[in-house]
Amino acid sequence: MDFSHRSKLTALQRDLLVAFFERQEGFFLTGGAALSGFYLGHRTTEDLDLFAPPGASLDDAARALSTAAISLGGTTEPVKTFPEFRRLLARRGEESCMVDLVVDRAPMLDVDKPTRAVGDSEKGDQQSDRQSPAFNFAGPRSWRSYLPAP
């Protein structure tokens, strides 16, 4: 993964993202972790928001996250479970972070854009990444709403 040199993600957050995306496809990192870890490096974040389009198995994703945490010497425990939302607490030593797994029903901006871990964009695809950094979704979640006010 290509983290920003200004990344504010914790070691656990970075390691967990890498290990999760080695095991699970079809999810996108969104929200503050995407911006602080890959784009702006402007603040810390306490959680990782991983979204997927309809049809994704959150059970499989939760198992992949658990396996990823175990491979890093950590654990996960479920906090909330709903049909299209899972919140898990990941721990490793003194570090911890919440991870939200979400089925996002908002229409995708680019249906044919391949799913991949954030930061793996090939050269020449930076314009589409700027249009929807890490989100790949349309609707009320405009990327501008995630930027700090001037």
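Scroll up a little and you will see the structure.
A brief structural summary. (Residues numbered from 1 in each chain as written. Predicted model: local features only at pLDDT ≥ 70, side-chain atom pairs only at ≥ 80, totals over all residues. Heavy atoms only, no water.)

### Thoughts on the overall build of the protein chain
A count of helical and extended segments in the protein chain gives four helices and five strands. Mapped in sequence order, the helices and strands of the protein chain form the string α-β-α-β-α-β-β-β-α. For the protein chain, buried positions account for 45% of its 150 residues. At a minimum sequence separation of 6, the contacts of the protein chain that also span at least 24 residues come to 61%. Accessible surface for the protein chain amounts to roughly 8,000 Å². Of this, 51% is attributable to carbon and sulfur atoms. (Helix = DSSP H or I, 4+ residues; strand = E, 2+ residues; numbered from the N terminus. Buried < 20%, exposed > 50% of the residue type's maximum accessible area, 1.4 Å probe, protein only. Contact = heavy atoms within 4.5 Å. Areas by Shrake-Rupley, 256 points an atom, 1.4 Å probe, with all protein chains shown as cover.)

### A word on helix H3 (residues 58-71)
Here H3 spans 20 Å end to end across 14 residues, near enough to the 20 Å set by a 1.5 Å rise per residue. Residues of H3 that are buried include every one of Leu58, Ala61, Ala62, Ala64, Leu65, Ala68 and Ala69, and no others. With its buried residues spanning 160° around the axis, H3 presents them on a single face. Residues of H3 that are exposed and angled more than 90 degrees away from the buried face: Arg63 and Ile70. Contact partners of the buried residues in H3: helix H1 (11-23), strand S3 (75-82), strand S4 (85-92) and strand S5 (95-103). Among the residues trailing H3, Gly73 stands out with phi positive, at a value near 80°. (Expected span 1.5 Å × (residues − 1). Arc of directions from axis to C-beta.)

### Here we look at the pattern of salt bridges
This model, assessed by the stated rule, comprises eight salt bridges. The shortest N-O distance in the salt bridge between Asp15 and Arg92 comes to 2.9 Å. Here Asp15 is found in helix H1, whereas its partner Arg92 is found in strand S4, with 77 residues between them in sequence. Of the residues examined, Arg92 reaches a relative accessible area of 17% and is grouped as buried. (Salt bridge = Lys/Arg side-chain N within 4 Å of Asp/Glu carboxyl O.)

### Comments concerning the nonpolar core
Residues Leu16, Phe20, Phe27, Leu48, Leu50, Val99 and Leu101 are the most contacted members of the largest nonpolar core, which totals 27 residues. Secondary-structure elements contributing two or more residues to this core are H1, helix H2 (31-39), strand S2 (47-52), H3, S4 and S5. (Core = buried A, V, L, I, M, F, W, Y, C linked by side-chain atoms within 4.5 Å.)

### Thoughts on the packing of aromatic side chains
Per the counting criterion, the structure on display carries three aromatic pairs. Judged by centre distance (6.4 Å) and plane angle (40°), the ring pair of Phe82 and Phe85 falls under tilted. The class for Phe82 is partly exposed, based on a relative accessible area of 47%. Judged by relative accessible area, Phe85 falls into the partly exposed class, the value being 22%. (Phe/Tyr/Trp six-rings, centres within 6.5 Å; stacked < 30°, edge-to-face > 60°.)

### Structural notes on the pairing of S3
For a regular strand, side chains alternate in direction, first toward one face of the sheet and then toward the other. Alignment of S3 against S4, held across seven bridges, turns out to be antiparallel. By the bridge assignment, Thr75 is partnered in S4 with Arg91. Hairpin connection from S3 to S4: two residues lie between these consecutive antiparallel strands. (Pairing = 2+ DSSP bridges.)

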